[in-house]
Amino acid sequence: MSELKLLYLSRAEVEAVGVTMPEIIAALEVAFGEHGQGKAEMPPKPGVHSRPDAFIHAMPAYIPALRAIGVKWVSGYPANQARGLPYITGLLILNDDETGLPLAVMDCTWITAMRTGAATAVAAKYLARPDSRVVGVLGCGVQGRSNLAALNVLFPLKRVMAYDTGPGNAGRYAAEVRERWGLEAVVVPEPRQAVTGCDIVVTAGPILRTPHATIQAGWLDAGAFASLVDYDSYWSGPAMRETDKFCTDDIPQLEHNRSLGYFQEIPPIYASVGELVTGRKPGRQSPGERTMTCNLGLALDDMATAPIVYRRAIERGIGTWLPL
Ligand SMILES: NC(=O)c1ccc[n+]([C@@H]2O[C@H](COP(=O)([O-])OP(=O)(O)OC[C@H]3O[C@@H](n4cnc5c(N)ncnc54)[C@H](O)[C@@H]3O)[C@@H](O)[C@H]2O)c1
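Bear in mind the structure is a predicted one, so any value in this text is a computation, not a measurement.

Asker: I would appreciate a short explanation of the overall build of the protein in the present structure.
Answerer: Secondary structure summary: the protein contains 9 helices and 15 strands in total. Taking 324 residues into account, the globule formula puts the C-alpha radius of gyration at 20 Å, and the protein, at 19 Å, falls close to it. In terms of its C-alpha atoms, the protein occupies a principal-axis envelope of roughly 65 × 45 × 40 Å. Sorting the 324 residues of the protein into buried and exposed places 53% on the buried side. Long-range contacts, defined as pairs at least 24 residues apart, comprise 72% of the intrachain contacts of the protein with a sequence gap of at least 6. In the protein, which carries 30 positive and 33 negative side-chain charges, the distance between the mean positions of the two groups comes to 3 Å.

Written out as structure tokens, the structure reads:
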């Protein structure tokens, strides 16, 4: 028997592989389609908790159409930032769907950032107006960047309204947006200015069990779409209940989170992103609808992305082969 081996990819190597956002969006759309047809396997994520507010979650998934199977083992430790360490770290194991053998172990930080943006874009494809040009971003960090990168693939964006509470963050973000994407970028001092007048709104600040609920009813324009990357932390109940269609990437997981004390003020759930992709529920039906998705982030997203990284890494000779 030949020596069994797996490919190890560090954080820098995963990024250097160069998988593009359009590729990730396309893979996620297939994965959501499988999810919507009940074909994907994704058990609820178990977690262990060694410090207050910290978690390490296991996120397994199998997507038959992509022959993608494996698990992400991801931790979030809020106190890390004070130590100069990343809040989110973790590894992903990709397996062979025929033999179960581990094919690769890779850092999951870049994949987590990119797939979350891509999931917003897939939802937006069905829920946002195709002519959306102005995006409001509240929380100009990693997700503020990857969500914009993904939306910029599908929409004819022109301008970004950037709001962040951290000193200098929105300014740095705006400079990057102009440089990287050639879009107009306006730093706004009030959160409302990144909501009213925008076609698409992305909230990506901290996730809080008790929402700060800054965004009020009457702020989101008719015809706009919002992606709640930070759960319902940014939105007041009346503001969320103004939407015509409130969606999520996974209804059972949202219900589970609701039982833990999150999402106490949300409106009835209209559809999952998978139901939109498969056409079981229509997405936007008129230009005046207000639509919203709250994607929780699924193992499915990671597992749709990992095989592309693996295959491309082999093609490009990136990574280290290790004996099993
Ligand atoms: N739903 C998902 O799938 C998913 C996946 C990954 C991360 N997240 C969540 O997305 C959020 C952002 O993650 P990130 O990696 O971009 O973090 P980050 O630390 O890179 O960026 C967060 C930014 O938000 C700013 N901020 C804090 N409070 C704010 C407020 N009230 N208004 C505006 N800005 C504020 C910070 O100054 C910072 O610039 C986190 O809550 C994270 O847990 C969700």
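Asker: I keep staring at the environment of Val188 and nothing clicks. Help me out?
Answerer: Note on placement: Val188 falls in the loop between β9 (184–187) and β10 (200–203). Classification of Val188 by relative accessible area gives buried; the value is 6%. C-alpha separation for the pair Val188 and Pro206, spaced 18 residues apart in sequence, amounts to 19 Å. Among residues more than four places away in sequence, those in contact with Val188 are Met161, Ala162, Tyr163, Gln193 and Ala194.

Asker: Sorry, what's going on with the nonpolar core here?
Answerer: If you look at the biggest cluster of nonpolar residues, it comprises 74 residues, and the most contacted ones within it are Phe32, Met106, Leu148 and Val309. The element that contributes the greatest number of residues to this core is helix α3 (residues 109–127), accounting for 10 residues. Excluding anything up to four places from it in sequence, Val309 contacts Leu9, Val14, Val17, Val19, Met106, Trp110 and Ile111. Counting residues in each nonpolar core, the second largest holds 28 residues, with Val195, Leu220, Ala239 and Phe263 among its members.

Asker: Just to check I follow, could you spell out the sheet that holds strand β8 (residues 159–163) for this structure?
Answerer: Two strands in a sheet stick together by hydrogen bonds in their backbones, pointing the same way (parallel) or opposite ways (antiparallel). Strand order in the open sheet formed by 8 strands is β9-β8-β7-β10-β11-β14-β12-β13, with parallel pairing between adjacent strands. Across the chains shown, the open sheet's two edge strands, defined by having one partner strand only, are β9 and β13 (271–272). Direction of pairing for strand β12 (residues 245–248) relative to strand β14 (residues 291–294): parallel, over a ladder of 4 bridges. The residue bridging Phe246 from the neighbouring strand is Met292, located in β14.

Asker: Explain the side chain of Arg312 here, please?
Answerer: Relative to the elements of secondary structure, Arg312 occurs in helix α9 (residues 299–316). A distance of 2.4 Å separates polar atoms of two side chains, one belonging to Arg312 and the other to Glu23.

Asker: Please explain the pattern of salt bridges as it appears in this structure.
Answerer: It is possible for side chains of opposite charge to pair when their charged atoms get near one another. Summed over all chains, the structure comprises 18 salt bridges. Between Arg312 and Glu23 there is a salt bridge; the shortest N-O distance is 2.4 Å. Residue Arg312 is found in helix α9, and its partner Glu23 is found in helix α2 (residues 21–36); the two are separated by 289 residues along the sequence. Taken together, the shared-partner salt bridges in this structure form one network comprising Lys72, Arg115, Asp301 and Asp302.

Asker: Whenever I open this one, the packing of α3 against α9 confuses me. Can you help?
Answerer: Each packed pair of helices is defined by two parameters, the angle between the axes and the distance between the axes. Running from N to C, α3 and α9 point in directions that differ by 120 degrees, and their axes come no closer than 9 Å. With respect to α9, the element α3 is oriented oblique. Read as a crossing pair, α3 and α9 show a hand that is right-handed. Seen from α3, the contacting residues are Trp110, Ile111, Thr112, Arg115 and Ala119; seen from α9, they are Asp301, Asp302, Thr305, Ala306 and Val309. Classifying every residue of the contact of α3 with α9 by side-chain character gives 5 nonpolar, 2 polar and 3 charged.

Asker: What should I look at first to understand helix α7 (residues 251–259) in this one?
Answerer: Side chains three or four residues apart in an α-helix point the same way, a direct result of the helix having 3.6 residues per turn. Those residues of α7 that sit buried are Gln253, Leu254 and Asn257. Along the long axis of α7, the arc covered by the buried residues comes to 100 degrees, so they all point the same way. The exposed set on the far side of α7, more than 90 degrees from its buried face, consists of Pro252 and Ser259. Its buried side turned inward, α7 meets β12 and β14. Structurally, the start of α7 carries an N-cap: the backbone nitrogen of Gln253 is 3.1 Å from a side-chain oxygen of Asp250.

Asker: Would you explain empty space enclosed by the protein in this entry?
Answerer: In this approach, a probe sized like a water molecule rolls over the atoms, and the result shows the empty space that is left. Scanning the model with the defined rule gives 1 cavity of 30 Å³ or more in all. The wall of the largest cavity is formed by Met42, Pro43, Lys45, Met59, Gln253, Gly297, Leu298 and Ala299. For the lining of the largest cavity, the residue count by class is 5 nonpolar, 2 polar and 1 charged.

Asker: Got a minute to help me understand the site of the ligand in this structure?
Answerer: Around the ligand, 22 residues are found, and the nearest of them are Gln143, Asp164, Gly205, Tyr234 and Asn295. The contact in question runs from a nitrogen atom of the ligand to an N or O atom on the side chain of Tyr234, over 2.5 Å. Against a free-state accessible area of 860 Å², the protein chains account for coverage of 77% of the ligand. Going through the elements one at a time, α3 and α4 (142–154) are the ones with two or more residues in the shell around the ligand. Class assignment for the residues of the shell around the ligand results in 9 nonpolar, 11 polar and 2 charged.

Here is what the cut-offs are and how they apply
- Residues numbered from 1 in each chain as written.
- Predicted model: local features only at pLDDT ≥ 70, side-chain atom pairs only at ≥ 80, totals over all residues.
- Heavy atoms only, no water.
- Helix = DSSP H or I, 4+ residues; strand = E, 2+ residues; numbered from the N terminus.
- Rg over C-alpha atoms; globule rule 2.2 N^0.38 Å.
- Buried < 20%, exposed > 50% of the residue type's maximum accessible area, 1.4 Å probe, protein only.
- Contact = heavy atoms within 4.5 Å.
- Lys, Arg positive; Asp, Glu negative; His and termini not counted.
- Charge placed at Lys NZ, Arg CZ, Asp CG, Glu CD.
- Core = buried A, V, L, I, M, F, W, Y, C linked by side-chain atoms within 4.5 Å.
- Pairing = 2+ DSSP bridges.
- Polar contact = N/O pair within 3.5 Å; in protein donor to acceptor, adjacent residues only side chain to side chain.
- Salt bridge = Lys/Arg side-chain N within 4 Å of Asp/Glu carboxyl O.
- Axes fitted to C-alpha atoms, helices over the stretch in contact; angles between N-to-C directions.
- Parallel < 35°, antiparallel > 145°, perpendicular 65-115°, else oblique.
- Left-handed = near helix turned anticlockwise from the far one by under 90°.
- Nonpolar A, V, L, I, M, F, W, Y, C, P; charged D, E, K, R; others polar.
- Arc of directions from axis to C-beta.
- 1 Å grid on protein atoms, 1.4 Å probe; cavity = no way out; pocket = protein on both sides within 12 Å on 5 of 7 lines; lining within 4 Å.
- Points joined across faces, edges and corners; volume = space filled by probe spheres on them.
- Near = heavy atom within 4 Å.
- Areas by Shrake-Rupley, 256 points an atom, 1.4 Å probe, with all protein chains shown as cover.

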